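Architecture at a glance
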Amino acid sequence: MNAAACYFVNGMESETSAIARGLRRRDPDLLDRLIEQYQHRLLRYLIYLTSNRELAEDMFQETWIRVLERGHQYKPEYEFSTWLFSIARNLTVDYLRKKKPASLDGLLDEEEGVSLDPPDLRPSALELVARHEQAEQISAALVGIAAEYREAIVLRFQEGLALEEIAAVTGAPLGTVKSRLYRGLNALLPRLKGAQA
Amino acid sequence: MNRDPHQQARELIAFGSQGLTDSQRAQLSAHLDECAACRDYAQAAEQLVRSLRSVPLAADRTLVRTTQMRVRRHATQLQQEQERLWLVWMSCILVGLSAAITTPLLWRGFQWLGEWARVSSPVWQVGFMVFWISPALAASLIFLARGIHLTDTNGTSQG
């Protein structure tokens, strides 16, 4: 490992260690800073996960409450964002499972190819947040594909998570993550081709 | 068995360039040099990633402020609960210690009282047991009542 990479890794470790220490102390200033820092990424992920901005905002708040309560469980060897996304995902899945058990097949099953359109999806839910035409087209295309593919695509290409991190967040094997990305991209590209033409 | 090279290339494209090893990157690059269809696919994927990153989805200030306030309030509640729990533990330890010290003395006191009042041993021993256990019983009843009260309050506020 060269000096720059070593410096980067050590820097990341010390940052995650500081976060872990602060979370164990339930430091409110640290939590304020983390909420500020991850606000857009977390909300974006939740909006695509739930396809509903209102629910995503509720889950956003619940996620941070859970971070406060379970902060002592965070291990500094892992990226904070990976842990944060997995908490958000578990909370959302639990909530949706209680609300509509049938709507979660895609996120819970290991089997591929299960098409999932969230039953409470309102056509205007994502349009409300999509400010321009291209964003609307992408949002519509994303909502049109299965939830587990959408999740993998968003985590990989929008949030920039590594494949291993996506596996940790979703609790799926690495091979399944790769397959979801491939199938998701194949499902998404034809939908966008017409829109982008 | 050889896999379809086009599918293999498209899988590598789907993993994203940062998720590939050097050899996978070289393999993909070599395939894209000679396959126009997969090149188009790679360009479309690249365009999709660019578009995805440009989607303006942002949290608004109110949500962030509300969340920060809720988290702070909850942190204070948890802190208070922790302090209460600490007090309960300290009380338990103190009670245990004082019981260990005073029980033999009390036993002798009851024995002396029994002999002085000329009652049989089982009588003063039962008296000792009642005296010894009654504070713990009273405390248990208070905690039980308090627990039921808290459950009712939480149930009402959450319902």
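Residues numbered from 1 in each chain as written. Chains lettered and ligands numbered in written order. Predicted model: local features only at pLDDT ≥ 70, side-chain atom pairs only at ≥ 80, totals over all residues. Heavy atoms only, no water.

**A few points about the overall build of chain A**
The condition is simple: Per the convention used, a helix needs a DSSP run of H or I reaching at least four residues, while a strand needs a run of E reaching at least two, with both numbered from the N terminus. Categorising residues by exposure relies on relative accessible area from a 1.4 Å probe, with only protein chains included: less than 20% of the type maximum marks a residue as buried, more than 50% marks it as exposed, and the intermediate range marks it as partly exposed. Any pair of residues with heavy atoms lying within 4.5 Å of one another is described as a contacting pair. Each accessible area value is a Shrake-Rupley result obtained with a 1.4 Å probe; residue values ignore everything except the protein chains displayed when judging cover.
The helix and strand tally for chain A stands at nine helices and zero strands. Looking at chain A as a whole, 51% of its 197 residues qualify as buried. Sequence-distant contacts, at least 24 apart, represent 63% of the contacts inside chain A between residues at least 6 apart. Accessible area for chain A stands at about 9000 Å²; split by element, carbon and sulfur atoms hold 51% of it.

**Regarding the packing of aromatic side chains**
Basically, it comes down to this: Aromatic contacts are taken between Phe, Tyr and Trp rings whose centres are within 6.5 Å, Trp giving its six-membered ring; a plane angle under 30 degrees counts as stacked, one over 60 as edge-to-face, and the others as tilted.
Following the criterion strictly, the structure yields 11 aromatic pairs over all chains and no others. Ring geometry for A:Y74 and A:F80: centres 5.6 Å apart, planes at 85°, overall edge-to-face. By the burial criterion, A:Y74 is buried, and A:F80 matches it. Plain terms: the ring middles of B:W107 and B:W124 are 4.9 Å apart, the flat faces sit at 70° to each other, and that makes the pair edge-to-face. Of this pair, B:W107 sits in helix 4 (residues 61–117) while B:W124 sits in helix 5 (residues 121–158), and the two are 17 residues apart along the sequence. The partly exposed category is assigned to B:W107, whose relative accessible area is 34%. Within the aromatic cluster, the residues linked to one another by ring pairs are A:Y38, A:W64, A:Y74, A:F80 and A:W83.

**A word on the interface of chain A and chain B**
Stated precisely, the cut-off is as follows: Defined here as a combined quantity, buried area equals the accessible surface (1.4 Å probe) lost by two parts on assembly, summed across both. Salt bridges are defined by distance alone: a side-chain nitrogen of Lys or Arg within 4 Å of a carboxyl oxygen of Asp or Glu.
The interface of chain A with chain B comprises 43 residues on the first partner and 38 residues on the second. Carbon and sulfur atoms supply 63% of the area buried between chain A and chain B, which totals about 4000 Å² over both sides. Its largest share of buried area at the contact with chain B, chain A owes to A:Q61, A:F157 and A:Y182, together 17% of the area lost on that side. Remark: the boundary between chain A and chain B carries four salt bridges. Between A:D32 and B:R72 there is a salt bridge; the shortest N-O distance is 2.8 Å.

**Examining the confidence of the model for chain B**
Residues and elements named next belong to chain B. Cut-off, in case you're wondering: Per-residue confidence from the predictor is reported as pLDDT, which spans 0 to 100.
Taken residue by residue, chain B gives an average pLDDT of 84. The fraction at 70 or more is 91%. Of all the helices and strands in chain B, helix 5 carries the lowest mean pLDDT, 78, while helix 4 carries the highest, 90. On the interface metric, ipTM, the complex scores 0.70, and its pTM is 0.69.

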